[in-house]
Amino acid sequence: DTGVSQDPRHKITKRGQNVTFRCDPISEHNRLYWYRQTLGQGPEFLTYFQNEAQLEKSRLLSDRFSAERPKGSFSTLEIQRTEQGDSAMYLCASSLVRGRGTDTQYFGPGTRLTVL
Amino acid sequence: AQSVTQPDIHITVSEGASLELRCNYSYGATPYLFWYVQSPGQGLQLLLKYFSGDTLVQGIKGFEAEFKRSQSSFNLRKPSVHWSDAAEYFCAVGAYRDDKIIFGKGTRLHILP
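Residues numbered from 1 in each chain as written. Chains lettered and ligands numbered in written order. Predicted model: local features only at pLDDT ≥ 70, side-chain atom pairs only at ≥ 80, totals over all residues. Heavy atoms only, no water.

*Asks:* Help me understand the sheet that holds strand β3 (residues 19–24) of chain A, please; the structure alone is not making it clear to me.
*Replies:* Pairing between sheet strands relies on hydrogen bonds along the backbone, with the strands arranged either parallel or antiparallel. Residues and elements named next belong to chain A. Spatially, the 4 strands line up as an open sheet ordered β1-β3-β8-β7, and their pairing is antiparallel. The two strands at the open ends of the sheet, each matched to only one other strand, are β1 (5–7) and β7 (65–68). Averaged over all pairs of adjacent strands, the angle between their axes in this sheet comes to 15 degrees, without regard to strand direction. Judged from the 3 bridges that link them, β1 and β3 form a sheet pairing that is antiparallel. Residue pairing for β3: Gln6 is matched across the bridge by Cys23. (Pairing = 2+ DSSP bridges. Helix = DSSP H or I, 4+ residues; strand = E, 2+ residues; numbered from the N terminus. Axes fitted to C-alpha atoms, helices over the stretch in contact; angles between N-to-C directions.)

Here is the structure:
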């Protein structure tokens, strides 16, 4: 399977703990996006990378959130000092874009985070 | 600012009936438009997209959508639904000069046997 993969699929943690999620994009894709989806809502943009450069961060991404894509391949999203409001599905997507603009994004299955 | 409105939170149709899901967008430029489907516990799968050209777009699983610039709409249609079409459907908008896409809140489709 050469689609976008995410790990873990589910994560249950206690409030105040740190969590880290991983996303492996489609291999030739240079763009990688992170979204958050809460119940009854569509995906909300958090941040994106073009190769290893993080080009934009949403105001939804508080200081407790950090994302990296060190070699322009896989990416990690870390949440420090988790809060109950962080409970959501975290989706990763990738695309192949030359220059600026957008194109079709292909999504992974998501990581479901539950903060107790 | 760009936005996407899906007016119907839930829609119920009988198996074999036709389907239309509504999507209206607000965007200052020529939009790129997408429909995605999400089954329970799954990620989003692309059904179809419109970038330019023919305003009637064919997608996977027998879905089609029509871009109507004058109405700022991109409604999704299917002539005959199957029980496996029960899922949540998301309309999204982007543009050539933007680097991300904006999603609507989704429409949950229920199928009656």
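*Asks:* Could you clarify how one ought to interpret the state of the cysteines in this entry?
*Replies:* Residue and element names in this part refer to chain B. This model, assessed by the stated rule, comprises 2 disulfides over all chains. Bridging Cys23 to Cys91, the disulfide has an S-S length of 2.0 Å. Residues Cys23 and Cys91 share a disulfide whose torsion about the S-S bond is about -65 degrees; that sign makes it left-handed. Of the two residues, Cys23 is situated in the loop between β3 (19–21) and β4 (24–26) and Cys91 in strand β10 (residues 87–95); the sequence distance between them amounts to 68 residues. The class for Cys91 is buried, based on a relative accessible area of 1%. (Disulfide = S-S within 2.5 Å. Buried < 20%, exposed > 50% of the residue type's maximum accessible area, 1.4 Å probe, protein only.)

*Asks:* Quick question: what am I supposed to make of the environment of Tyr36 of chain B here?
*Replies:* Summarising the element assignment, Tyr36 of chain B is placed in strand β5 (residues 31–38). For the pair Tyr36 of chain B and Ala92 of chain B, spaced 56 residues apart in sequence, the C-alpha separation works out to 7.8 Å. Residues contacting Tyr36 of chain B, with those up to four places away along its chain left out, are Thr104, Gln105 and Phe107 of chain A together with Leu44, Gln45, Leu46, Leu47, Glu88, Tyr89, Phe90, Ile101 and Phe103 of chain B. From its side chain, Tyr36 of chain B meets the backbone oxygen of Gln105 of chain A in a polar contact 2.6 Å long. (Contact = heavy atoms within 4.5 Å. Polar contact = N/O pair within 3.5 Å; in protein donor to acceptor, adjacent residues only side chain to side chain.)

*Asks:* In this structure, what is going on with the interface of chain B and chain A? I would like to understand it.
*Replies:* Interfaces are frequently sized by the accessible area removed from exposure as the parts join. Contact residues are listed per partner, giving 23 residues for chain B and 23 residues for chain A. Taken together, both faces of the contact between chain B and chain A bury some 1,800 Å²; the carbon and sulfur share is 52%. Applying the counting rule to chain B against chain A returns 1 salt bridge. Salt-bridge contacts for Glu56 of chain A lead to Lys100 of chain B; the nearest nitrogen and oxygen are separated by 2.7 Å. Contributing elements (two or more residues each) for the side of chain B that touches chain A: β5, β6 (44–50) and β10 of chain B. When residues in the side of chain B that touches chain A are grouped by element, the largest group, 4 residues, is from β5 of chain B. Classifying every residue of the side of chain B that touches chain A by side-chain character gives 11 nonpolar, 6 polar and 6 charged. (Buried area = accessible area lost by both parts, 1.4 Å probe. Salt bridge = Lys/Arg side-chain N within 4 Å of Asp/Glu carboxyl O. Nonpolar A, V, L, I, M, F, W, Y, C, P; charged D, E, K, R; others polar.)

*Asks:* Hey, could you run me through the packing of aromatic side chains in this one?
*Replies:* Each aromatic ring pair is described using two quantities: the centre-to-centre distance and the angle formed by the ring planes. The final tally for this structure, using the stated rule, is 18 aromatic pairs over all chains. A centroid spacing of 6.2 Å and a plane angle of 50 degrees characterise the contact between Phe45 of chain A and Tyr48 of chain A, whose relative ring orientation is tilted. The same class applies to Phe45 of chain A and to Tyr48 of chain A, which are both buried. Each member of the aromatic cluster is reached from another via a ring pair, and the members are Tyr33, Tyr35, Phe45, Tyr48 and Phe107 of chain A together with Tyr32, Phe34, Tyr36, Phe51 and Phe103 of chain B. (Phe/Tyr/Trp six-rings, centres within 6.5 Å; stacked < 30°, edge-to-face > 60°.)

*Asks:* What is the right way to look at the pattern of salt bridges in this model?
*Replies:* Within the structure shown, the criterion is met by 9 salt bridges over all chains. Among the ionic pairs, Asp86 of chain A bridges to Arg64 of chain A, the shortest N-O distance being 2.8 Å. In this pair, Asp86 of chain A is assigned in the loop between β8 (75–79) and β9 (88–95) and Arg64 of chain A in the loop between β6 (53–57) and β7, connecting sequence segments 22 residues apart. For the pair shown, Asp86 of chain A and Arg64 of chain A are each scored as buried. Between Arg77 of chain B and Glu66 of chain B there is a salt bridge whose closest N-O contact spans 3.3 Å. Taken together, the residues Arg77 of chain B in strand β9 (residues 73–78) and Glu66 of chain B in strand β8 (residues 64–68) connect sequence positions 11 residues apart.

*Asks:* Any chance you could explain the pairing of strand β2 (residues 10–14) of chain B here in plain terms?
*Replies:* For a regular strand, the rule is simple: side chains alternate between the two faces of the sheet. Residue and element names in this part refer to chain B. The alternating pattern of β2 places Ile11 and Val13 on a buried face, while none of His10, Thr12 and Ser14, on the opposite face, is buried. By the bridge criterion, 5 bridges tie β2 to strand β12 (residues 107–112) in an arrangement that is parallel. Along β12, the bridge assignment pairs Ser14 with Leu112.

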